[in-house]
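# Tertiary structure, described
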Amino acid sequence: MATIVVHRKWEAVSPTRQRVMGLVELGSALIMLLVFTLKVQPGQMATFVMTPGGLTQGIAGNWVVPAFSTLMALTVVNFLLGMVQLVRGFGRWTNAVLGVVVAFFVFSFLTWATAGKSLNLLGMLSAAVLLAVPIILGAFSGVLCERAGVVNIAIEGMMLMAAMVGALVGSVTKNMWMGLLAAVASSVLLAWVHAVLSIKYKINQIISGTVINIFSTGMTSYLSSKFLQTYQELNNPPIFPRVPIPLLADIPILGPLFFNTNLFVYLVFLLLIILQVALFTTRWGLRLRSVGEHPKAADTLGINVFATRYMAVLLGGVVAGIGGAFFTLGSVGRFDEMMTAGKGFIGLAAMIFGNWTPLGAFFAGLLFGFTDSVATKLTILGTGIPIQFMAMAPYITTMVVLAGLVGRGQMPAADGTPYEKE
Amino acid sequence: MPPVLELKGITKRFPGVLANDHIDLTLNEGEILALLGENGAGKSTLMNILYGLYQPDEGEVFIRGEKITIHSPIDAIRAGIGMVHQHFMLIPVFTVTENIMLGAESVRMGDFLDRPAAAARIREISSRYGLEVDPNAYVRDLPVGVQQRVEIIKLLYREANILIFDEPTAVLTPQEADELFVIMRELARQGKSIIFITHKLREVLDVADRIMVIRRGAVVGETVPAQADRQTLAAMMVGREVRLEVEKRIARAGDVVLEVHDLVVTDAQKQITVDGVSFDVRAGEILGVAGVQGNGQTELVEAVTGLRQPVSGSIRLLGQDVTRATPREIIELGTAHVPEDRQRDGLVLSFPVAENIVLCTYYKPPFARGVQLQREIIYETANRLIADFDIRTPSASTTVGSLSGGNQQKVIIAREFSRPIHLLVASQPTRGLDVGSIEYIHQRIVQKRDEGCAVLLVSPELDEVMELSDRIAVMYRGKIVAIVPAESATKSYIGLLMAGVSPEQAGAPQEGERIVESTF
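As recorded in an unreviewed UniProt entry, chain B goes by Nucleoside ABC transporter ATP-binding protein and comes from Anaerolinea thermolimosa. Quoted verbatim from the Subcellular location (unreviewed entry) heading of the UniProt record, the comment on chain B is "Cell membrane".

An unreviewed UniProt entry lists chain A under the name ABC transporter permease, from Anaerolinea thermolimosa. In its Subcellular location (unreviewed entry) section, UniProt records this for chain A: "Cell membrane".

This is the structure in structure tokens:
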């Protein structure tokens with residue numbers, strides 16, 4: 001045999017990104033030092049309440065921590081992580097480390113704000129989980145579509161429509177299940193429109209998505225102001241109740257957070273497991289991903305590219321529909337104009353941050369939900385920061401993520417490209 | 001016993017073109033049949049019909065004497081036909097196993113992938129046919145030659161008996177190509193039948209059992225390697241006598257024209273693709289840059305012609321620093337550029353021939369007076385150059401996009417060569433051209449050299465670099481690993497350098513060495 005020349009892989013170095021990331025992390029440590037750590041009175045204690053209000057299961061004692069030393073410790077850790085990032089980088093763990101740095105930053109912010117006071121931390125976290133639900137479901141919907149090669153920015157519009165239809169049908173039938181079903185159906189209908197436009201007619205997928213978003217905004221606003229606001233009985237659906245899971249709900253901290261809540265949170269977990277397993281270990285998932293990576297290769301192996309993409313987008317519609325229904329049937333109990341407030345787009349950011357995997361999207365979604373919740377809570381605590389700025393937090397996080405701080409991960413190669421048979 | 005595959009009277013018409021004209025073809029068991037023809041001769045159309053991507057207008061397909069119709073690749077796969085596409089149909093982020101099993105997956109418990117079972121079968125196929133590959137490797141980490149093996153295993157995994165190789169050596173180093181030929185012979189020995197599509201004469205003579213030549217959609221001859229040589233095959237392909245060797249005198253190198261020092265260039269993804277390259281090119285010599293495509297040649301040429309800003313290092317042209325100069329400044333110093341993708345970077349396809357011919361000079365007198373173009377002078381010049389450079393076009397006002405590839409390239413050559421130039425940068429100047437046009441363009445390049453022009457020639461076709469160059473620089477992973485005088489370079493030595501073997505390990509080049517023999 002002839003000799004085989006072994007090639008080494010091209011090193012995927014982006015020194016700039018590594019350095020910028022390192023500087024950002026060091027910057028966070030600096031802010032923590034100057035703005036938080038040095039501003040607390042020595043000996044001040046921060047009290048974190050670890051049981052959300054109104055619950056009797058899974059009670060945990062309060063955390064009382066010395067503010068100054070906690071802040072100092074967190075600052076030092078962030079400083080060290082930033083230095084390591086700057087000097088040699090964390091390779092594939094870069095994003096995870098960034099997540100830790102951000103988490104510590106936020107926690108020191110909380111400690112500073114709580115110094116000498118008391119904050120219901122678990123209440124805030126459990127609010128974060130609920131705020132994260134639509135973001136995560138939007139991200140899952142995006143993962144399904146984009147893994148098959150269809151960019152779907154219509155998720156926002158699909159969720160908005162589902163939220164309204166869910167409220168309307170739920171109110172009319174006085175049945176939350178019927179509301180959920182109708183919400184999902186309306187979202188799937190929009191997903192089908194997106195699929196036909198972008199797969200069959202090969203329209204630019206961004207434009208197709210935008211059209212659907214505009215349609216949804218207009219349609220829901222019109223119907224809402226015409227009917228839902230006028231006839232209040234049309235906007236009063238039953239909501240899915242809190243269903244504690246036996247035993248698990250009694251675990252302190254985790255119980256109240258994840259196991260004593262409503263159907264939607266449980267669905268998030270179920271979908272997380274199903275999607276993660278199905279995408280990466282089944283024939284179905286292999287074929288779906290192949291269509292998003294190299295549709296022509298899939299086609300030459302006898303895989304129906306168009307059918308696979310339709311299926312992925314429609315399933316994405318189902319997931320987005322559940323996410324939309326959450327707004328009206330899972331949390332607020334009434335429909336308000338524009339109530340999705342960009343959660344679908346933030347979901348797409350979570351999908352990108354999570355590197356197009358369900359697991360990554362889940363954690364990214366939790367992070368975004370958390371910033372949202374921090375913003376809301378701290379407005380109440382009163383930190384001197386204007387409310388308007390606090391309300392921006394989730395969107396600023398999204399922008400920073402999308403601006404490429406976390407780098408473009410492994411986007412499916414054929415994402416956004418219509419497939420044309422020869 | 002009936003032949004494995006028989007095509008009878010296959011005819012395919014496209015609007016205005018007869019792509020296949022009553023083609024008959026038979027393929028016997030264990031045979032390697034070479035299908036030789038120029039680009040656009042109809043080879044690919046014929047194979048796409050066989051693979052179910054096109055439907056023929058007339059004609060019949062028989063597999064072992066049985067008539068079949070092929071509507072889609074699925075039908076072809078079922079009939080035991082497999083194709084190694086010129087551009088690999090592999091998914092870089094999937095493993096070898098995943099790529100091979102896709103569409104024919106082993107599953108257990110319903111729908112769960114059984115990767116170990118598939119990997120075991122791949123190992124079995126690997127060892128049976130000598131196709132070494134790691135089933136768990138990711139395709140993106142594999143060199144091109146190994147990726148091609150994955151493509152071949154993909155066909156064997158589906159139990160294909162008729163294997164079509166579409167221009168399989170286009171992306172390989174000479175060594176990898178030789179390994180491929182060994183594999184092809186082994187496959188044929190074990191009873192697989194192979195159709196080998198190519199326009200490279202040497203390969204046909206090396207590996208085929210039988211040769212079929214196609215010109216303008218019709219079969220124009222059939223022969224066996226023992227009774228053919230490159231000269232006769234080329235004449236059959238083109239339809240007239242062709243000079244294959246470039247006639248050129250010894251170079252008389254003059255002053256340094258282009259001086260590149262420690263140049264670092266990154267690509268669009270900010271990856272370093274040219275990594276500290278230094279060389280110079282003198283007046284009256286051709287410096288050829290050899291290397292497998294994608295080793296930084298594109299970015300090097302773009303940096304030299306001002307299309308891409310280098311990260312560091314310097315480029316000096318006629319003693320002037322042009323490292324950060326604009327393309328127009330570089331052109332005005334007397335640089336001609338024949339870009340690698342003529343349709344994207346060389347021409348404005350929707351513009352007429354005449355306007356393309358003055359693209360570098362339109363803003364200067366006599367073509368412009370103030371802000372106004374002098375249409376008459378432009379067309380006069382164009383008509384003169386069309387005659388001088390033998391551009392086959394209905395008129396100077398025909399859009400360039402409607403010309404053939406060879407004539408498009410001649411438009412570029414006419415534009416670039418008709419100006420007074422000191423440096424010619426030619427990147428893959430004969431890519432996708434027929435033998436006749438290649439001959440013409442090679443002669444023009446040598447002529448420019450003899451007029452005292454410095455030439456930087458970049459080409460992944462090793463034959464071309466070796467024939468034209470006076471000195472050969474080999475590029476690998478963004479670095480120039482060696483610069484050797486053409487007279488002391490052998491194909492195997494350069495080939496090893498192209499594959500990343502260090503000059504010391506590659507050994508001193510030996511006269512007349514051929515790799516094909518050394519692999520058996």
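### Description of the overall build of chain B
The helix and strand tally for chain B stands at 19 helices and 24 strands. Over its C-alpha trace chain B gives a radius of gyration of 25 Å, about what one expects of a compact globule, namely 24 Å for 520 residues. Over its C-alpha atoms, taken along the principal directions, chain B stretches across nearly 75 × 50 × 50 Å. For chain B, contacts bridging at least 24 residues in sequence account for 66% of all contacts bridging at least 6.

### Focus on the overall build of chain A
Secondary structure summary: chain A contains 15 helices and five strands in total. The principal-axis extent of the C-alpha atoms belonging to chain A is close to 80 × 70 × 40 Å. Sequence separation of 24 or more characterises 78% of the internal contacts of chain A that already satisfy a separation of 6 or more.

### Considerations on the domain arrangement of chain B
Residue and element names in this part refer to chain B. Along its sequence, chain B is organised into domain 1 (5-238), domain 2 (246-334 + 420-520) and domain 3 (342-419). Each partner contributes residues to the interface: domain 2 has 10 residues there, and domain 3 has seven residues. No other element matches the four residues that helix α15 (residues 435-450) contributes to the side of domain 2 that touches domain 3. Each residue belonging to the side of domain 2 that touches domain 3 can be placed in one class, and the counts come to five nonpolar, two polar and three charged.

### A look at the confidence of the model for chain A
Low-pLDDT stretches of the model should not have their predicted coordinates read in fine detail. When the pLDDT values of chain A are averaged, the result is 87; 94% of them are 70 or greater. The least confident element of chain A is helix α15 (residues 387-405) of chain A, whose mean pLDDT is 72; the most confident is helix α10 (residues 283-293) of chain A, at 96.

### Focus on the packing of helix α5 (residues 155-173) of chain A against helix α12 (residues 305-332) of chain A
Residues and elements named next belong to chain A. Packing of α5 against α12 leaves a shortest axis separation of 7 Å and a crossing angle of 55°. Classified by the angle their axes make, α5 and α12 are oblique. Considering only the axes of α5 and α12, their crossing is right-handed. Contacts between α5 and α12 involve Ile155, Met158, Met159, Leu160, Met161, Ala162, Ala163, Gly166, Ala167 and Gly170 from the first element and Gly317, Ala320, Gly321, Gly323, Gly324, Ala325, Phe327, Thr328 and Leu329 from the second. For the contact of α5 with α12, the residue count by class is 12 nonpolar, seven polar and no charged.

### Let's talk about helix α6 (residues 174-189) of chain B
When the terminal C-alpha atoms of α6 of chain B are compared, their 23 Å separation across 16 residues agrees well with the 22 Å that a helix rising 1.5 Å per residue should span. Where α6 of chain B terminates, the next one or two residues include glycine 191 of chain B, which has phi positive at roughly 100°.

### A short note on the sheet that holds strand β1 (residues 5-14) of chain B
All names here are of chain B. The antiparallel open sheet is built from four strands, whose spatial order is β2-β1-β4-β5. Two strands close off the open sheet at either side, each with one partner strand: β2 (17-27) and β5 (66-68). Going across the sheet, the axis of each strand differs from the next one's by a mean of 30°, ignoring polarity. Of the pairings in the sheet, the one linking β1 to β2 comprises seven bridges and is antiparallel in character. Directly across from glutamate 6, in β2, lies its bridge partner threonine 26.

### Quick look at the nonpolar core
Formed by 264 residues in total, the largest nonpolar core has its most connected members in Ile136 and Ala350 of chain A together with Phe196 of chain B. Ranked by residue count, the leading element in this core is helix α4 (residues 121-147) of chain A, at 17 residues. Once residues within four sequence positions are removed from consideration, phenylalanine 196 of chain B is found in contact with Ile32, Leu33, Ala34, Leu35, Phe165, Val207 and Ala208 of chain B.

### A few points about the pairing of strand β24 (residues 479-485) of chain B
In this sheet, β24 of chain B lies alongside strand β23 (residues 471-476) of chain B in antiparallel orientation, the contact comprising six bridges. Bridge assignment links valine 474 of chain B to a residue of β24 of chain B, and that residue is alanine 482 of chain B.

### Here we look at α15 of chain B
All names here are of chain B. For α15, built from 16 residues, the straight-helix expectation of 22 Å at 1.5 Å per residue is met to within 8% by its first-to-last C-alpha distance of 23 Å. Of all the residues in α15, the buried ones are Val435, Ser437, Ile438, Ile441, His442, Ile445, Lys448 and Arg449. In an axial view of α15, the angular spread of the buried residues amounts to 155°, which keeps them on one side of the axis. In this structure, the buried residues of α15 make contact with α8 (230-238), β15 (286-290), α14 (405-417), β21 (423-427), β22 (454-458) and α16 (462-468). Directly beyond the C-terminal end of α15, a positive phi value near 100° is found at glycine 452.

### Focus: the environment of proline 418 of chain A
Residue and element names in this part refer to chain A. Its location among the elements puts proline 418 in the segment after α15. Spatially, the C-alpha atom of proline 418 lies 35 Å from that of alanine 393, the residues being 25 residues apart in sequence. Contacts of proline 418, omitting those with residues within four sequence positions, involve Ser198, Ile199 and Lys202.

About the thresholds
Residues numbered from 1 in each chain as written. Chains lettered and ligands numbered in written order. Predicted model: local features only at pLDDT ≥ 70, side-chain atom pairs only at ≥ 80, totals over all residues. UniProt positions renumbered as here; feature names shortened; annotations may be inferred. Helix = DSSP H or I, 4+ residues; strand = E, 2+ residues; numbered from the N terminus. Rg over C-alpha atoms; globule rule 2.2 N^0.38 Å. Contact = placed C-beta atoms within 7 Å. Domains from an automatic or database assignment. Nonpolar A, V, L, I, M, F, W, Y, C, P; charged D, E, K, R; others polar. pLDDT = per-residue confidence, 0-100. Axes fitted to C-alpha atoms, helices over the stretch in contact; angles between N-to-C directions. Parallel < 35°, antiparallel > 145°, perpendicular 65-115°, else oblique. Left-handed = near helix turned anticlockwise from the far one by under 90°. Expected span 1.5 Å × (residues − 1). Pairing = 2+ DSSP bridges. Core = buried A, V, L, I, M, F, W, Y, C linked by C-beta atoms within 7 Å. Buried ≥ 20, exposed ≤ 12 C-beta atoms within 10 Å, placed from the backbone. Arc of directions from axis to C-beta.

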